[in-house]
Amino acid sequence: LRHRDQMQLKINQHYNDIISYLINTSVFFARDGPEVYQKWVSYVDSVDGYLQEAVRVNCKNSLIELAIGINGNGKQPPAPLFKVEVILENNHNQASHIFQPAQVKFLPNFSELGDDVSGVVNQMSDAFASLTRLVNIKKLVRTSNASKLSFVDIIEDDEEIRKQRRAIYTGMQDNERNVNEYLE
């Protein structure tokens, strides 16, 4: 399995463990009155809030690490993050015996590498797409609080996460420009 798939599986397993724990705990309060039920709903809502913050911080910190890997930490240049093969191609036309200057070719090229990095950055929130907000799980709360944003929406709307994404995209463009300038 790819790393992201492994992490998504792990996230889902932990999330299901939390749900199971809460369902098992809710059995103790199932027959109590409306006041106890309201306390239970408040508790589930607070756990849901902690999970929301954990998801947001997890994504932000992952993007920060990637941004540092691409841009460096401000004190030192970035350490090698990607394996790129550099191939020196000799363009010799044997029929006409014309020699052209050799060219440097990167595998993957910067466009492909940029697409891969963009895919990772854009798909990071997908790891949380299958997670239902706790307050919307009928086994935990009889009345749904559908006004809460999904975890994916929380990630997409977060300004700090957007800032890190911009830093990554800008860093990739800067690195490509610097290499092209060096080659010229």
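On to the environment of Lys 39. Within the secondary structure layout, Lys 39 lies in helix 2 (residues 34-71). In this structure Lys 39 comes out as exposed when scored by relative accessible area, which is 65%. For the pair Lys 39 and Phe 29, spaced ten residues apart in sequence, the C-alpha to C-alpha distance is 9.7 Å.

This next bit is on the pattern of salt bridges. What the rule picks out here adds up to eleven salt bridges. Of the charged contacts in the structure, one is a salt bridge between Asp 48 and Arg 133, with a shortest N-O distance of 2.5 Å. Of the two residues, Asp 48 is situated in helix 2 and Arg 133 in the loop between helix 3 (110-123) and helix 4 (151-157); the sequence distance between them amounts to 85 residues. Like Asp 48, the residue Arg 133 is buried in the burial classification.

Residues Phe 28, Phe 29 and Val 36 make up a contiguous nonpolar surface patch of roughly 290 Å² in combined accessible area. One can find Phe 28 in the loop between helix 1 (3-26) and helix 2.

Glancing now at helix 2. If you check helix 2, its first and last C-alpha atoms are 55 Å apart, about what 38 residues at 1.5 Å a residue would give, namely 56 Å. Among the residues trailing helix 2, Gly 72 stands out with phi positive, at a value near 85°.

Below, the discussion takes up the packing of aromatic side chains. This model, assessed by the stated rule, comprises two aromatic pairs. Where Tyr 15 meets Phe 151, the ring centres are 6.3 Å apart and the plane angle is 90°; that geometry is what we call edge-to-face. Of this pair, Tyr 15 sits in helix 1 while Phe 151 is found in helix 4, placing the two residues 136 residues apart along the sequence. Across the pair, exposure class does not vary: Tyr 15 and Phe 151 are buried alike. With 5.7 Å between their ring centres and 35° between their planes, Trp 40 and Tyr 43 make a pair best called tilted. Here Tyr 43 and Trp 40 lie together in helix 2, a separation of three residues that amounts to about one turn. On the accessibility criterion, Trp 40 (6% relative accessible area) is buried. Using a relative accessible area of 39% as the deciding quantity, one classes Tyr 43 as partly exposed. Its guanidinium or amino end placed over the ring of Phe 151, Arg 133 lies 4.6 Å from that ring's centre, counting from NZ or CZ. The positively charged end of Arg 142 is found above the aromatic ring belonging to Tyr 37, 3.8 Å away from the centroid.

Let us look at the environment of Leu 9. Mapped onto the elements of the fold, Leu 9 is located in helix 1. Spatially, the C-alpha atom of Leu 9 lies 8.6 Å from that of Ala 127, the residues being 118 residues apart in sequence.

Turning next to the nonpolar core. Generally speaking, nonpolar side chains in soluble globular proteins are found buried as a group. By size, the foremost hydrophobic cluster in this structure holds 32 residues, and its most contacted members are Tyr 15, Val 117, Phe 128, Leu 134, Leu 140, Phe 151 and Ile 168. Only helix 1, helix 2, helix 3, helix 4 and helix 5 (159-183) provide two or more residues apiece to this core. Broken down by element, the residue count for this core peaks at twelve residues, all from helix 2. In this view, Val 117 contacts Leu 66, Ile 70, Phe 82, Ile 168 and Met 172; residues no more than four positions away in its chain are not counted.

A few words on the packing of helix 1 against helix 2. The contact between helix 1 and helix 2 brings their axes to 12 Å, and the two run at 170°. Of the possible angle classes, the one that applies to helix 1 and helix 2 is roughly antiparallel. Within the contact between the two elements, helix 1 uses Tyr 15, Ile 18, Leu 22, Thr 25 and Ser 26 and helix 2 uses Trp 40, Tyr 43, Val 47 and Leu 51.

Attention shifts here to helix 3. Here helix 3 contains 14 residues, and its C-alpha end-to-end distance of 19 Å stays within 8% of the 20 Å for a straight helix at 1.5 Å per residue. Taken together, the buried positions of helix 3 are occupied by Phe 110, Leu 113, Gly 114, Val 117 and Val 121. Along the axis of helix 3, the buried positions cluster into a sector of 100°, meaning they face one direction only.

Reading the values: the criteria
Residues numbered from 1 in each chain as written. Predicted model: local features only at pLDDT ≥ 70, side-chain atom pairs only at ≥ 80, totals over all residues. Heavy atoms only, no water. Helix = DSSP H or I, 4+ residues; strand = E, 2+ residues; numbered from the N terminus. Buried < 20%, exposed > 50% of the residue type's maximum accessible area, 1.4 Å probe, protein only. Salt bridge = Lys/Arg side-chain N within 4 Å of Asp/Glu carboxyl O. Patch = residues over 30% accessible without salt bridge, like charges linked within 9 Å, V, L, I, M, F, W, Y side chains within 5 Å. Areas by Shrake-Rupley, 256 points an atom, 1.4 Å probe, with all protein chains shown as cover. Expected span 1.5 Å × (residues − 1). Phe/Tyr/Trp six-rings, centres within 6.5 Å; stacked < 30°, edge-to-face > 60°. Lys NZ or Arg CZ within 6 Å of the ring centre and 35° of its normal. Core = buried A, V, L, I, M, F, W, Y, C linked by side-chain atoms within 4.5 Å. Contact = heavy atoms within 4.5 Å. Axes fitted to C-alpha atoms, helices over the stretch in contact; angles between N-to-C directions. Parallel < 35°, antiparallel > 145°, perpendicular 65-115°, else oblique. Arc of directions from axis to C-beta.

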